[in-house]
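Chain residues, written in single-letter form:
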Amino acid sequence: MRVVVTGATGNVGSRLVERLAGDVEVSHVLGVSRREPDALPEGADWRRVDVGESVPTDLLRGADAVVHLAWLFQPTRDPAMTWQANVAGTGRLLDAVSEASVPVFVQASSVGAYSPGPAYPVDESWPTHGVPTAAYSREKAYVERMLDAFEARHPATRVVRLRPAFIFRRESAVQQRRLFAGPLAPTKLLASVGPPALPDPGVTLQVVHTDDVVEAYRLALVRKVDGAFNIATDPTLNVGSIGHLLGRPVLRVPKGLTRRAVAAAWGARLVPASPGLFDLLAQIPVMKTDRARAELGWEPELDAFATFMTLWEGFQSAEGGPNPPLAPGTSGRFRSHEFRTGIGARP
């Protein structure tokens, strides 16, 4: 199997390329990204392409499968740019898949594609219309509609959609801080000495370790499955359980007050995360993962507590990973690049 992986330098993509390069069922891996990786595993090649701008006609020539992970999360202040990169870029890639007659296409969808959830866990049949105030959610939901149309036009192509929860590993902590908290957040200090207290707006989230997500993508390639799969580990987390893990007190804060605080910080350009992202966090459903376990044969190795602690250890070390999306050096000396490009204004 010859596999093309877009977004090959990111949190999931870099690990997936490494995993596939050592897989006996994969003969060749081509990593695709807009920024050059510092290193590639033996058995993998790389090509510099920004699919948000164009897809060369020969990129997918001879490919047996495409895993589409590329996604531009920032700038949250320019949704037209992220739409062009994420939605239009996915459309260009699907056109290239059609032109090259690639038999397998695996899309990185998300829990963020789901409509606001009920009080009970949902399976993959729950509507994927997103949370309208969050650009990330709108884009993920629209890509789901694009996949619906693509499947109808190309029944011979096996299309798989993975909908992971929040994806963490130790090396992703720098990237997570950069995307959500921004350059002003003293995450290393807080992780080392511990926050005095954790504000709790009453939200619940699911997480999954990067390596467990990578295994789900590998299984989606080698198993004859199609359709959507929820990917998350147990149990669900809330601020209370995180406070217990860290041995810190928890202070209950109303959701409305939390959203106003996030909106004020975003409006003052103190954080890159928009208030729409808080809306998403507050409304996404809890996912059932029965189908992934039964049909993919997927079982996560790390539970939610262990997964969160790997991220916390990454905040403590602030070492990041080797490739540009994960590397501390991408932020510049004293995070100067993040300040220069505008907090949440440019990628």
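Rules used throughout
As a convention, each chain's residues are numbered from 1 in the sequence order in which they are written. It should be noted that, the model being predicted, local features are given only for residues of pLDDT at least 70 and side-chain atom pairs only at 80 or more, the latter also being counted only at that level, while totals for whole chains, interfaces and linings use all residues. Heavy atoms throughout the structure, all of them, feed into the side-chain values; hydrogens and water do not. Definitions used throughout: a 1 Å grid over protein atoms alone; a cavity as a set of points that fits a 1.4 Å probe which cannot get out; a pocket as an open set with protein on both sides within 12 Å along at least five of seven lines; a lining residue as one with an atom within 4 Å of a point. Grid points are joined across faces, edges and corners, and a volume is the space filled by probe spheres set on the points. Under the convention adopted here, Pro, Cys and the residues Ala, Val, Leu, Ile, Met, Phe, Trp and Tyr are nonpolar, Asp, Glu, Lys and Arg are charged, and Gly plus all remaining residues are polar. Under the pairing criterion, centres of Phe, Tyr and Trp rings, with the six-membered ring standing for Trp, must be within 6.5 Å; the plane angle then separates stacked pairs below 30 degrees from edge-to-face pairs above 60, leaving the rest tilted. Helix numbering and strand numbering both begin at the N terminus, where a helix is a DSSP run of H or I of at least 4 residues and a strand a DSSP run of E of at least 2. Type-normalised accessible area, obtained with a 1.4 Å probe on protein chains alone, sets the label of each residue: buried when under 20%, exposed when over 50%, and partly exposed for intermediate values. Distance and chemistry together define a polar contact, namely a pair of N or O atoms within 3.5 Å, with one atom able to donate a hydrogen and the other to accept it when in protein, and with adjacent residues in sequence counting only for side-chain atoms on both sides. Residue contacts are defined here by distance: any two heavy atoms, one from each residue, within 4.5 Å place the two residues in contact. For the purposes of this section, nonpolar cores are sets of buried Ala, Val, Leu, Ile, Met, Phe, Trp, Tyr and Cys residues that join through side-chain atoms within 4.5 Å.

Participant: Hey, could you run me through empty space enclosed by the protein in this one?
Facilitator: Space left empty within the atom packing is revealed by a probe, the size of a water molecule, rolled over the atoms. Taken as a whole and assessed by the stated rule, the structure comprises 1 cavity of 30 Å³ or more. Reported here for the largest cavity is a volume of approximately 60 Å³. In terms of lining residues, the largest cavity is bounded by V111, A165, F166, T204, L205, Q206, I284, P285 and V286. Counted by class, the lining of the largest cavity contains 7 nonpolar, 2 polar and no charged residues.

Participant: Is there a simple way to think about the packing of aromatic side chains in this case?
Facilitator: Between two aromatic rings, the relevant description is the distance of the centres plus the angle of the planes. Across all of its chains, the model carries 8 aromatic pairs by this definition. Each ring, one from W71 and one from Y136, has its centre 6.1 Å from the other, and the planes form 75°; the classification is edge-to-face. Of this pair, W71 sits in the loop between β4 (65-68) and α2 (79-100) while Y136 sits in helix α3 (residues 135-153); the two residues are 65 residues apart in sequence, bridging distant segments of the chain. When the ring of F308 is compared with that of W312, the centres are 6.0 Å apart and the planes differ by 25°; the resulting orientation is stacked. In this pair, F308 and W312 are both assigned in helix α11 (residues 304-317), 4 residues apart and thus about one turn of the helix distant. Relative accessible area serves as the criterion here: at 10%, F308 is assigned to the buried category. A relative accessible area of 14% means that W312 is categorised as buried.

Participant: Would you mind showing me how to read the side chain of R218 here?
Facilitator: Residue placement: R218 occurs in helix α6 (residues 210-222). Polar contacts involving the side chain of R218 include one to the side chain of D23, which spans 3.3 Å. Contact partners of R218, with chain neighbours within four places excluded, come to L16, R19, L20 and D23.

Participant: What is the right way to look at the nonpolar core in this model?
Facilitator: Soluble globular proteins: nonpolar side chains tend toward being buried together. If you look at the biggest cluster of nonpolar residues, it comprises 34 residues, and the most contacted ones within it are V5, V67, Y217, L221, I231 and L296. Elements with a contribution of two residues or more to this core: β1 (2-6), α1 (11-21), β4, β5 (104-108), β6 (158-164), α6, β11 (227-231) and α10 (290-296). With 8 residues, α6 is the single largest residue contributor to this core. Here L296 is in contact with L162, A216, L219, A220, R223, V225, F229 and R291, once residues within four sequence places are set aside. Grouped together as the second largest cluster of nonpolar side chains are 22 residues, L60, L94, M146 and L147 included.

Just distances and angles here, no functional claims.
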